[in-house]
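Breakdown of the fold
Each chain, letter by letter, is given below.
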Amino acid sequence: MFPRPIEKSGATAKAAYQAFLPFALILWLLPLLAIFLTSIRSAADINSGNVFGWPSEFALIENYTAVFTQSAAAQYMINSVLITVPTVIISVALACLAGYALAIYRFRVALPLFFLFVAGNFIPFQILMVPVRDMSVQTGLYDTIAGQFLFHAAFQTGFCTLFMRNFIKALPFDLIESARIEGVAEWRIFWFVVLPLVRPAIAALAVLIFTFVWNDFFWANVLTQGESAKPITAGVRALNGQFVNNWHLVSAASLLAAIPPVVCFFLMQRHFIAGLTLGAVK
Amino acid sequence: MADAVVTDTSTPTEPGWFRRNKLAIAPWIFLIPALIFFAIYVVIPIFESLWLSLYEWNGLYDAEGNSTAVWVGFQNYVKLWDDPNFWTSLRNNIAWLILYMLAVPAGLFIALFLNQTVTGMRFYKSMFFFPFVISQVVVGLIFGWFYNPDFGVVGTVWKAIFCEETTNILGNTTFRCERPVPDILSSEQWATYGIIAAGLWPQIAYCMILYLTGLNNVAADQIEAARLDGAKGWKMLWYVVVPQLKPATFIAVVVTVIGALRSFDMIAIMTQGGPFGSTNVLSHYMFEVAISEYGERYGYGSSVATVLFGIMLFFISYFLWRMYQDEKGGR
């Protein structure tokens, strides 16, 4: 293990390390803590200039309810869910199929196709912006929930396929081989042999894609204009304009927007991290 | 061998064409939904954008439903060459690329600091990772406020050090400062660096988690052997540990390059490219040009996107080449 375990350096070193950890953490999360403190302050505190000291009174519930009653935040949150959930389902499902095809069958274009998905996943969004926006306007998908999740699902399929293909490739190939010898149909092999084995990959992709899409801001700006289809990220920006200098409300709204991915991360930490390392670093 | 084939095909229940070729057809059936979807929304639009960058178009259609785009050839690129905003954006993109790379060593450093097994370590590790999970929009808002000279953290700390609090006759508190409080995001000179610093926060967290998982896999026997040979500290890190972290480093570099070139959210939230376009990067400038209040300029926007795509393609090709080498080395 590197660095050398602190236990071996004596009790004082260990105690010092453990005492230092909370300080390091507070320093690291200082911006977040500061905004949390702001979000539970009263308007009076903000106006009197007490924005960094201890709050004179706690207005946690007032501020967070105010965000919902004074703005369309609830609508934005619902939109985010309606965009994110179908994206996760579609992209993971498509990637299971495509990843299986690219990992199991040996055909000439398997590798080029795989690289197509990988490359598509890295390209800048801007190169897609004008055509996708134009297509959405033409098909009536502009400023709708479906317009957003269809695009996200297609785009995220690239990343999901990359991940799924590598995951399936790492499975023991004998399993598939012996099923084939038994005469099991190809789709049955996929459904009964491979799918149960890729459950961890599905979990990892589900949390990751959820977070990516929930946090999307660019496409929310490109594909929506009104309140009816805006997700919370774009909504928070709109609130920022609406609550000028009401920093307690802006911070409360920002933290609300951050809650679902954070909860997701803490519930499924192991899967989340496995996904982020692209399965390459195990 | 030949006999076996003959007997096989002459069996009375000869399988149909579909069945005989099932191993050739099956992959396409599995692939087609993803391919169609991916082609419509990703592959074809790339080429449309490249093509559109040779047109001038405001995004409108005439009564018959034909696009009003006008062919201008390479005019958009000529304009780009003379556009000072384009060069500012490109310069900022380079600044992002270089400074964002700090996330890789910084992430390694924090990972090394956290790679211990004292009680509660899991909690600390996930809390350190926290910034990556929250949206860049939120990070941008947090830092926008953090940098605020009047009531942000930077302003408050600055006042505590350089300013004297005075109360005037009306009872209002004012500050008399030796040096004026810096307004980072309104300074043409510093705003970009302020945003990059904000962007580094989640990116360091990402690199850290990559290295933490990487450190888990470092071969313990090699470390012990090196320790017996008297290696420690920096030497151990550089010659024994870092080489073993190569896969983690590769992914960290990939995601950092992509992240740097994709930076859009923070700029849109914190400065919207201002003051006077000084914090623009290509990704944001493209958006600004293509969809702006002064009318839509899809063609010109597409030419900016094409340049960005070209830069990205350079990196993507390198990554794919590296992956290809690994594939060949593998199965």
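Residues numbered from 1 in each chain as written. Chains lettered and ligands numbered in written order. Predicted model: local features only at pLDDT ≥ 70, side-chain atom pairs only at ≥ 80, totals over all residues.

Per the secondary structure count, chain A includes 15 helices and 0 strands. Taking 282 residues into account, the globule formula puts the C-alpha radius of gyration at 19 Å, and chain A, at 24 Å, lies well above it. Across its three principal axes, chain A shows a C-alpha extent of roughly 75 × 70 × 30 Å. Here chain A holds 282 residues, and the buried ones make up 49% of them. For chain A, restricting intrachain contacts to residue pairs at least 6 apart in sequence, the fraction spanning at least 24 positions comes to 77%. (Helix = DSSP H or I, 4+ residues; strand = E, 2+ residues; numbered from the N terminus. Rg over C-alpha atoms; globule rule 2.2 N^0.38 Å. Buried ≥ 20, exposed ≤ 12 C-beta atoms within 10 Å, placed from the backbone. Contact = placed C-beta atoms within 7 Å.)

All right, on to the overall build of chain B then. The helix and strand tally for chain B stands at 16 helices and 4 strands. Dimensions of chain B along its principal axes, counting C-alpha atoms only, are 110 × 80 × 35 Å. When each of the 331 residues of chain B is scored for burial, the buried share is 39%.

Before going further, it helps to spend a moment on the domain arrangement of chain B. By domain assignment, chain B separates into domain 1 (2-52) and domain 2 (84-329). The C-alpha centroid of domain 2 of chain B is placed 43 Å from the C-alpha centroid of domain 1 of chain B. (Domains from an automatic or database assignment.)

Between chain A and chain B, the residue contacts involve 76 residues of the former and 82 residues of the latter. No other element matches helix α14 (residues 247-267) of chain A, which puts 9 residues into the side of chain A that touches chain B. Its residues assigned to classes, the side of chain A that touches chain B comprises 57 nonpolar, 14 polar and 5 charged. (Nonpolar A, V, L, I, M, F, W, Y, C, P; charged D, E, K, R; others polar.)

We now examine the nonpolar core. Counting residues in each nonpolar core, the largest one holds 174 residues, and the members touching the most others are Leu205 of chain A together with Met208 and Val304 of chain B. Leaving out residues up to four positions away in the same chain, Val304 of chain B has contacts with Leu80, Phe86, Leu282, Tyr285, Met286 and Val289 of chain B. (Core = buried A, V, L, I, M, F, W, Y, C linked by C-beta atoms within 7 Å.)

Our focus in this paragraph is the confidence of the model for chain B. Summing up the model confidence of chain B, the mean pLDDT is 85 and the portion of residues at 70 or higher is 93%. Across residues 1-11 of chain B, confidence stays below pLDDT 50; counting only partners more than four residues off in sequence or on other chains, it has 1 contact. (pLDDT = per-residue confidence, 0-100.)

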